Amino acid sequence: MKIITLKEGNYVVNPEKEFTRFEETTTLPGLKMAIQPFLIITQNDYILLDLGLGFNEDGIPLIHKILESNAVHPEQITKVLVSHLHKDHIDGIGYFDGPDFIENFPNAEIYIQERELDFALTHEKSPSYNLAVLNQLKHLSNIVFMNDDEGQITDEIFYEVSGGHTPYHQIFRIKNADETIFYGADDLPQRSYLKLHVAYKTDFNGKKAMESRKKWEVMAKEEKWKILLYHDMKYPVLEL
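All residue numbers refer to positions counted from 1 along the written sequence of the respective chain. Per-residue local features are limited, in this predicted model, to residues with pLDDT of at least 70; the limit for side-chain atom pairs, both in listing and counting, is 80 or more; totals at the level of whole chains, interfaces and linings are taken over all residues. The basis for every side-chain value is the complete set of non-hydrogen atoms in the structure, without hydrogens or water.

## Structural notes on the environment of Asn147
We count a stretch as a helix when DSSP gives it H or I for four or more residues in a row; a strand needs E for two or more, and each element gets its number in order from the N terminus. By the element assignment, Asn147 lies in the loop between β13 (143–146) and β14 (150–152). C-alpha separation for the pair Asn147 and Ile112, spaced 35 residues apart in sequence, amounts to 8.9 Å. When residues no more than four places from it in sequence are discounted, the contact partners of Asn147 are Gln113, Glu114 and Arg115. Whenever a nitrogen or oxygen atom comes within 3.5 Å of another N or O atom, the pair is scored as a polar contact, on the condition that within protein one atom can donate a hydrogen and the other can accept it, and that pairs from neighbouring residues in sequence are kept only if both atoms are in side chains. Within the structure, Asn147 has its side chain in polar contact with the side chain of Glu114 (distance 3.0 Å). Residue contacts are defined here by distance: any two heavy atoms, one from each residue, within 4.5 Å place the two residues in contact.

## Considering helix α1 (residues 62–69)
Within α1, the full set of buried residues consists of Leu62, Ile63, His64, Ile66 and Leu67. Residues of α1 that are buried make contact with β2 (9–13), β5 (38–41), β6 (46–49), β7 (56–57) and β8 (60–61). When a residue's accessible area, from a 1.4 Å probe over protein chains only, is under 20% of the maximum for its type it is buried; when over 50% it is exposed; and in between it is partly exposed.

## Here's the deal with the pattern of salt bridges
Note on pairing: side chains with opposite charge can pair once their charged atoms come close. Salt bridge criterion: a side-chain nitrogen from Lys or Arg within 4 Å of a carboxyl oxygen from Asp or Glu. In this structure the tally under the stated criterion is 13 salt bridges. The shortest N-O distance in the salt bridge between Arg21 and Glu57 comes to 3.9 Å. Note that Arg21 is positioned in strand β3 (residues 19–22) and Glu57 in strand β7, a separation of 36 residues in sequence. Under the relative-accessibility criterion, Glu57 is labelled partly exposed at 32%. With a closest N to O distance of 3.9 Å, Lys79 and Glu109 form a salt bridge. Of this pair, Lys79 sits in strand β9 (residues 79–81) while Glu109 sits in strand β12 (residues 109–113); the two residues are 30 residues apart in sequence, bridging distant segments of the chain. Overall, the relative accessible area of 36% leaves Glu109 in the partly exposed class. Each of the salt bridges in this network shares a partner with another, and the network as a whole consists of Arg21, Glu57, Asp58 and Lys65.

## Remarks on the side chain of Glu116
Inspection of the secondary structure puts Glu116 in helix α3 (residues 114–120). We treat Lys and Arg as the positive residues and Asp and Glu as the negative residues; His and chain ends play no part in the count. At 8.2 Å, Arg115 is the nearest oppositely charged side chain to Glu116, a buried residue that forms no salt bridge. Setting aside residues up to four positions removed in sequence, Glu116 forms contacts with His84, Leu85, Tyr129, Thr166, Pro167, Tyr168 and His169.

## So, the sheet that holds β5
Pairing between two strands is assigned when DSSP locates at least 2 bridges connecting them. Within the open sheet, the six strands sit side by side as β1-β5-β6-β9-β12-β13. Their pairing is mixed. The open sheet is flanked by β1 (2–5) and β13, the only strands paired with a single partner. Taken pair by pair, the neighbouring strands of this sheet meet at an average axis angle of 20°, ignoring direction. Judged from the three bridges that link them, β6 and β9 form a sheet pairing that is parallel. Of the residues in β9, the one forming a bridge with Leu49 is Leu81. Comment: axis = line fitted to C-alpha atoms, over the contacting stretch for helices; angle = value between 0 and 180 degrees taken between N-to-C directions.

## Describing the environment of Lys2
Among the structural elements, Lys2 can be located in strand β1. The exposure class assigned to Lys2 is partly exposed, which follows from its relative accessible area of 49%. If sequence neighbours within four positions are ignored, Lys2 has contacts with Leu39, Ile40 and Ile41.

## Some thoughts on helix α6 (residues 206–223)
Spanning 18 residues, α6 covers 25 Å between terminal C-alpha atoms, matching the ideal 26 Å at 1.5 Å per step. For α6, the set of buried residues is Gly206, Ala209, Met210, Ser212, Arg213, Trp216, Glu217 and Ala220. Seen from one end, α6 has its buried residues packed into an arc of 160°, which puts them on one side. When the buried face of α6 is taken as reference, the exposed residues oriented beyond 90 degrees from it are Lys207 and Glu222. Considering only its buried residues, α6 is in contact with β16 (170–176), β17 (179–183), α5 (192–195) and β18 (226–228). Where α6 ends, the next residue or the one after it, Lys224, has phi of about 55°, a positive value. Each helix should span, by expectation, one fewer than its residue count multiplied by 1.5 Å. As used here, the arc is the angular range of directions from the helix axis to the C-beta atoms.

## Notes on the packing of aromatic side chains
Any pair of Phe, Tyr and Trp rings, taking the six-membered ring for Trp, is counted once the centres come within 6.5 Å. Such a pair is stacked with planes under 30 degrees apart, edge-to-face with planes over 60 apart, and tilted for the rest. Overall, the coordinates contain nine aromatic pairs when judged by the stated rule. On the numbers, 6.0 Å between centres and 75° between planes, the contact of Phe119 with Phe204 is edge-to-face. Highlighted residues: Phe119 in helix α3 and Phe204 in the loop between α5 and α6, separated in sequence by 85 residues. Linked through ring pairs, Tyr11, Phe19 and Phe55 together constitute an aromatic cluster. Note that Lys175 overlies the ring of Phe158, its terminal NZ or CZ placed 5.0 Å from the centroid. When the NZ atom of lysine or the CZ atom of arginine is within 6 Å of a ring's centre and also within 35 degrees of its normal, the charge is said to sit over that ring.

This is the structure we're talking about:
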């Protein structure tokens, strides 16, 4: 399997969940993090893990530009696996052209927990969500809504509702032969989360996320996982 990090950049995020990009350093207050979806290429699929912030540059979706810079055309994407629906993970699904919503990956099957969407739609005042985008999801014909807590999408792709960062946040494992790629999204967003066993107050269930990380760390060492870190500015791919 081939892993391609699709880094959109490093950002500082303020309490209003506004993302400001910076290059090397910034004096702006807020949390500093990378935004980086991942592309996994297997013998059967081009798999996109989460979708980024949805920014456009010169009228072109940024995620399209990054794919093209890696010699991958957006039309080649066959599956999109969405961990949860905070705007920095889902907004790259598409954009508005006037009243019309234009999908960035209309040919791909996009896998989303339906219960996560139902929960998100009840939080219209939360700056973590882009309700304009979320309200489009049930109208898209290529969305595959999931309602099970765990299961298998293909012979290679496994999912599980981890429920730490958000109530129906899900993680993914992609297995091929003796290789396992693990994507914990915001239940394991940075390398530091493995060093410090902390229950973060910003999570829906911080204690559950912390306990999951302890379990995953043991499994990763035993099974030699490649761990993908969506928000880590230095270590997008980690092998313990």
